[in-house]
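Summary of the model geometry
Spelled out from the first residue to the last, the chains are:
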Amino acid sequence: MNTTAPFSRALLHPKYWGYWLGTVIMRLLIMLPLSIQYRLGAALGRLIQRLMGKRIHVARRNLELCMPELSEAERDALIRKNFEETGMALFDTANAWWWSDAKVQAHMTVAGWEHVEAAEQAGQGVILMAAHCLMLEPGARVFGQMKPGVGVYRPHNNPMMEYLQVKGRLRSNKGLIPKREVRQMVKALRAGEVIWYTQDQDAGRRGSVFAPFFGVPAATAAGAATLAKLGKARVLPFFVERKADHSGYHIEISPALENFPSGDELADTTRCNEVTEQLVRRRPEQYMWLHRRFKTRPNPDDPKIY
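A brief structural summary. (Residues numbered from 1 in each chain as written. Predicted model: local features only at pLDDT ≥ 70, side-chain atom pairs only at ≥ 80, totals over all residues. Heavy atoms only, no water.)

**Quick notes on the pattern of salt bridges**
Across all of its chains, the model carries 14 salt bridges by this definition. Linking Arg141 and Asp101 is a salt bridge whose minimum nitrogen-to-oxygen distance equals 2.6 Å. Of this pair, Arg141 sits in helix α7 (residues 136–146) while Asp101 sits in helix α5 (residues 101–106), placing them 40 residues apart in sequence. The salt bridge partner of Glu137 is Arg169, with a shortest N-O separation of 2.6 Å. Taken together, the residues span a long stretch of sequence, with Glu137 in helix α7 and Arg169 in helix α8 (residues 159–169) at a distance of 32 residues. Look at Glu137 and you get buried, because its relative accessible area is 16%. (Salt bridge = Lys/Arg side-chain N within 4 Å of Asp/Glu carboxyl O. Helix = DSSP H or I, 4+ residues; strand = E, 2+ residues; numbered from the N terminus. Buried < 20%, exposed > 50% of the residue type's maximum accessible area, 1.4 Å probe, protein only.)

Here you go:
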């Protein structure tokens, strides 16, 4: 488990100067009021949309499959809003990494904390099941104001980005565990820790379960049930959003899933996907629709979705 973000002199190499400049600029911009941050972020998102034609196609295909009830005009409007939210998420991440605790607390609301306390009183660890929404970084920081947890993450290949993300996320977490280190996760859960977990990105064919996600078979990691069983932990659905009036961030924690895990891998994975769907539908414009969720097909010969 990573509990520190050691600085290396190698990060002072000229090839990283652009990253340092960007860091300085963002640390200055997060001093602006949230309303101004969001206007800048929305403008950035519209620029990104113009430059990322392939991702527009990905988002459109995802919405065609997941929300067929929407008209074409409604899908196009949701895509535009999603790109704006994507631009805003850059500021949200910077706020999560660099705001002071006092400033975070002034811009947050929390509901459902009693469910975390119930698990704590029972001596059980907690798996926070979240969707891959754009607000995950501030969600973790807000939760950390109440109870620092353990993050599960994918180490970045770029040393500078790895340094920034680990240092930023440790503002609210006791440590970070690489996503393949299952034993460390189990150990943390048995010690009564809180772990963040998402399962709504394409996990590839190996070791996946093809469970329906919005009614579409999707390669899904079955880790939630495994961790809950081995770690003797409760699974609590976790929702995070940027408030509609741009006044801050809100998290909502739901009661623990009952009779979970059931012992049926497909049934448990399907149930987790259903929970994720419910979270996504609460604020669909803030979900990561640009991800190729259905890239891996149940059969290699199946037609490609993207």
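We are not done yet, so read on.
**Details of the side chain of Glu285**
With respect to the element layout, Glu285 can be found in the segment after α11 (265–282). In terms of polar contacts, Glu285 uses its side chain to reach the side chain of Arg283, at 2.6 Å. (Polar contact = N/O pair within 3.5 Å; in protein donor to acceptor, adjacent residues only side chain to side chain.)

**Considerations on the environment of Pro138**
In this fold, Pro138 is placed in helix α7. Sequence-wise, Pro138 and Trp97 are 41 residues apart; in three dimensions their C-alpha atoms are separated by 8.1 Å. Setting aside chain neighbours within four positions, we find Pro138 in contact with Asp92, Ala96 and Tyr249. (Contact = heavy atoms within 4.5 Å.)

**Quick look at a positive patch on the surface**
A grouping of Arg55, Arg292, Lys295 and Lys304 is seen on the molecular surface, where their side chains present a positively charged patch. With respect to the secondary-structure elements, Lys304 resides in the segment after α11. (Patch = residues over 30% accessible without salt bridge, like charges linked within 9 Å, V, L, I, M, F, W, Y side chains within 5 Å. Areas by Shrake-Rupley, 256 points an atom, 1.4 Å probe, with all protein chains shown as cover. Lys, Arg positive; Asp, Glu negative; His and termini not counted. Charge placed at Lys NZ, Arg CZ, Asp CG, Glu CD.)

**A few points about helix α4 (residues 72–98)**
Helix length check: α4, at 27 residues, gives a terminal C-alpha distance of 39 Å against a target of 39 Å (1.5 Å per residue), a fit within 8%. At Met88, α4 is deflected by roughly 30°, the largest bend along its length. (Expected span 1.5 Å × (residues − 1). Bend = angle between axes of the 7 residues up to and from the residue.)

**Let's talk about the packing of helix α1 (residues 17–29) against α8**
Angle between the axes and distance between the axes are the two parameters that describe a pair of packed helices. At a closest axis distance of 10 Å, the pairing of α1 and α8 adopts a crossing angle of 30°. One element, α1, and the other, α8, form an angle in the roughly parallel class. Between α1 and α8 the crossing geometry is right-handed. For the pair α1 and α8, the contacting residues are Tyr19, Trp20 and Thr23 in the first and Met160, Met161, Tyr163 and Leu164 in the second. (Axes fitted to C-alpha atoms, helices over the stretch in contact; angles between N-to-C directions. Parallel < 35°, antiparallel > 145°, perpendicular 65-115°, else oblique. Left-handed = near helix turned anticlockwise from the far one by under 90°.)

**Digging into the nonpolar core**
Leu128, Phe143, Phe238, Tyr249 and Ile253 are the most contacted members of the largest nonpolar core, which has 46 residues in total. Broken down by element, this core gets its largest block of residues, seven residues, from α4. Sequence-distant contacts of Ile253, that is, excluding residues within four places in its chain, are made with Ala111, Gly112, Trp113, His115, Val116, Phe143, Leu236, Pro237 and Phe238. (Core = buried A, V, L, I, M, F, W, Y, C linked by side-chain atoms within 4.5 Å.)

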